[in-house]
Amino acid sequence: MKLFLDTASVTEIRTMWNVGILDGVTTNPTLVAKEGRKFEEVLREICALGVPSVSAEVVATDTAGMVAEGRRLREIHPSIYVKVPMTSAGLAATRTLAGEGTRVNMTLVFSANQALLAAKVGAAYVSPFIGRLDDQSQDGMDLIRDIVTIYRNYRYPTQVLVASVRHPVHVLEAAKLGADIATMPFGVMEKLVQHPLTDLGLARFLKDWEKVPKA
Ligand code: E4P
C-alpha cells in the first residue's frame with residue numbers, strides 16, 4: 001500500500017521523505033492557500049525532492065479550462081498527476097487528458113457510481129473522501145469497500161486513493177480492504193510510526209545498557 005502526505009508544506013514532505021516512508025503527495029487549493037506561497041514554486045520544490053507522485057488540482061470548472069490547466073500542470077514535472085473534480089465537465093476533461101497520457105486523479109468523489117465513472121474515463125487515481133462522509137454520519141469505509149469490489153469485478157486499473165483520512169484507524173481499515181493508496185495529514189503519518197510501548201521499551205533498554213560494564 002502506498003502512503004501519501006496530504007499537504008503543501010515542503011517542510012512536512014521533506015521530513016517524511018527523509019524517513020523513507022513517503023510514496024507521494026496530494027495537494028488541494030485549501031492546502032496550497034494555507035502555505036501562502038506560489039503554487040508552481042511549491043510544486044517544483046516538492047518534485048525536486050524526488051517524490052514520484054504529486055497531485056496538483058485544476059481550478060477551472062469548464063472542460064476546456066480544465067484541459068488547458070491540466071496540460072500546463074503536467075508540463076511542470078513528470079511526477080505531476082492532475083487533480084480534476086468529479087463533475088460532468090471534469091469527466092470530459094479527464095477523458096481528454098488521460099487520452100493524451102496525462103495521469104489524472106479524480107477528486108471530490110463521494111459515491112461508488114462516481115468512482116465507476118472515473119474508471120471509465122481512464123483516471124489513474126480515484127479519490128473518495130472518507131472523513132467528510134463520516135462527518136455526515138455515513139461510514140466512509142463502506143464506500144472504499146464498494147469501490148474496491150467494483151474495480152476488482154471489472155479489472156479497472158484505476159487506483160483507489162483513500163482521501164480525507166483523519167486518524168490511523170482509517171489507514172488500517174483502508175489497508176485491510178486492499179485500497180491502493182491512503183493520503184493523510186502529517187500528524188496522522190507521525191502516529192503510524194509511534195507506539196507508547198516502543199518508547200517505554202527503548203527507554204528501558206537504554207537504562208539497562210548503562211549497567212553493562214564498558215571496556
Ligand atoms: C485529498 O486529495 C484531499 O485533498 C483531502 O484528503 C481532503 O481532506 P479533508 O477532508 O481533510 O479536507
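These numbers were taken from a predicted model, which means no experiment stands behind them. Per chain, the residues get numbers from 1 upward, laid out in the order the sequence is written. Residues qualify for local features only when their pLDDT is at least 70, as the model is predicted, and side-chain atom pairs are given and counted only at 80 or more; totals for whole chains, interfaces and linings, by contrast, use all residues. Hydrogens and water are ignored here; the side-chain numbers use all heavy atoms of the structure.

Novice: Which parts of the structure should I look at to understand the overall build of the chain?
Specialist: Runs of E in the DSSP output that reach at least two residues are strands. Runs of H or I that reach at least four are helices, and both are numbered from the N terminus. For the chain, the helix and strand inventory stands at 11 helices and 8 strands. Taken across its 215 residues, the chain has 46% of its residues classed as buried. Should any heavy atoms of two residues lie within 4.5 Å, those residues are counted as being in contact. Considering only contacts in the chain between residues 6 or more positions apart, those separated by 24 or more positions represent 57%. Shrake-Rupley sampling with a 1.4 Å probe provides the accessible areas, and residues are treated as covered by the protein chains on show and by no other component. Taken as a whole, the chain presents about 11200 Å² of accessible surface, with 55% of it coming from carbon and sulfur. A residue counts as positive if it is Lys or Arg and as negative if it is Asp or Glu; His and the chain ends are not included. For the purpose of locating charges, the reference atoms are NZ of Lys, CZ of Arg, CG of Asp and CD of Glu. A distance of 3 Å separates the average location of the 24 positive side-chain charges in the chain from that of its 23 negative side-chain charges. Note on exposure labels: buried denotes an accessible area under 20% of the residue type's maximum, exposed denotes more than 50%, and partly exposed covers the range between, all computed with a 1.4 Å probe on protein chains only.

Novice: Got a minute to help me understand the site of the ligand in this structure?
Specialist: Nearness is judged by heavy atoms alone; a residue qualifies as near a molecule or strand once a single heavy atom is within 4 Å of it. Surveying the vicinity of the ligand reveals the residues Asp6, Thr26, Asn28, Lys83, Phe129, Arg132, Ala163, Ser164 and Arg166. Separating an oxygen atom of the ligand from a side-chain N or O atom of aspartate 6 is a distance of 2.7 Å. At a separation of 2.6 Å, an oxygen atom of the ligand approaches a polar side-chain atom of lysine 83. For the ligand, the protein covers 85% of the area, taking 340 Å² as the surface of the free molecule. For the purposes of these results, a polar contact is taken to be a pair of N or O atoms within 3.5 Å, where, inside protein, one atom must be able to donate a hydrogen and its partner to accept one; residues adjacent in sequence count only when each atom of the pair is a side-chain atom.

Novice: Looking at this structure, I do not really get the nonpolar core. What am I missing?
Specialist: Within soluble globular proteins, side chains that are nonpolar generally end up buried alongside one another. Buried Ala, Val, Leu, Ile, Met, Phe, Trp, Tyr and Cys residues that are joined via side-chain atoms within 4.5 Å together make up what is termed a nonpolar core. The biggest cluster of nonpolar side chains holds 62 residues, and the ones touching the most others in it are Ile80, Met106, Tyr151 and Val162. Ignoring sequence-local partners within four residues, the contact set of methionine 106 consists of Val84, Pro85, Met86, Gly90, Leu91, Thr94, Ala118, Val121, Ala123, Tyr125, Val126 and Ser127. In terms of nonpolar packing, the next biggest core, distinct from the first, is built from 7 residues, Phe4, Tyr125, Leu161 and Ala163 among them.

Novice: Sorry if this is basic, but what is going on with the pattern of salt bridges here?
Specialist: Side chains that carry opposite charge are capable of pairing whenever their charged atoms lie near each other. A pairing counts as a salt bridge when a side-chain nitrogen of Lys or Arg comes within 4 Å of a carboxyl oxygen of Asp or Glu. Within the structure shown, the criterion is met by 11 salt bridges. The closest approach of N and O atoms between aspartate 135 and arginine 166, which form a salt bridge, is 2.9 Å. Note that aspartate 135 is positioned in helix H7 (residues 130-135) and arginine 166 in the loop between strand S7 (159-162) and helix H9 (168-177), a separation of 31 residues in sequence. The exposure class assigned to arginine 166 is partly exposed, which follows from its relative accessible area of 40%. For aspartate 142, the salt bridge identified is with arginine 145, shortest N-O distance 2.8 Å. Separated by 3 residues within a single helix, aspartate 142 and arginine 145 lie in helix H8 (residues 140-154), roughly one turn from each other. In the salt-bridge network here, residues are joined through shared partners; they are Arg71, Arg74, Glu75 and Glu100.

Novice: Help me understand the packing of aromatic side chains, please; the structure alone is not making it clear to me.
Specialist: Any two aromatic rings considered together are summarised by their centre-to-centre distance and by the angle between their planes. Each Phe, Tyr or Trp ring, with Trp reduced to its six-membered ring, pairs with another whose centre is within 6.5 Å; inter-plane angles below 30 degrees give stacked pairs, above 60 give edge-to-face pairs, and intermediate values give tilted ones. All chains considered together, the criterion is met by 5 aromatic pairs. Ring centres 6.0 Å apart and planes at 40° place the aromatic pair tyrosine 154 and tyrosine 156 in the tilted group. With a relative accessible area of 56%, tyrosine 154 lands in the exposed category. In this structure an aromatic cluster arises from ring pairing among Phe4, Tyr81 and Tyr125.

Novice: When you look at the side chain of threonine 26 in this model, what are you seeing that I'm missing?
Specialist: Among the structural elements, threonine 26 can be located in strand S2 (residues 24-26). In terms of polar contacts, threonine 26 uses its side chain to reach the side chain of aspartate 6, at 2.7 Å. Within the structure, threonine 26 has its side chain in polar contact with the side chain of threonine 183 (distance 2.6 Å). Look past the residues within four positions of threonine 26 in its chain and what remains in contact with it is Phe4, Leu5, Asp6, Thr7, Leu31, Ser55, Lys83, Asn105, Leu161 and Thr183.

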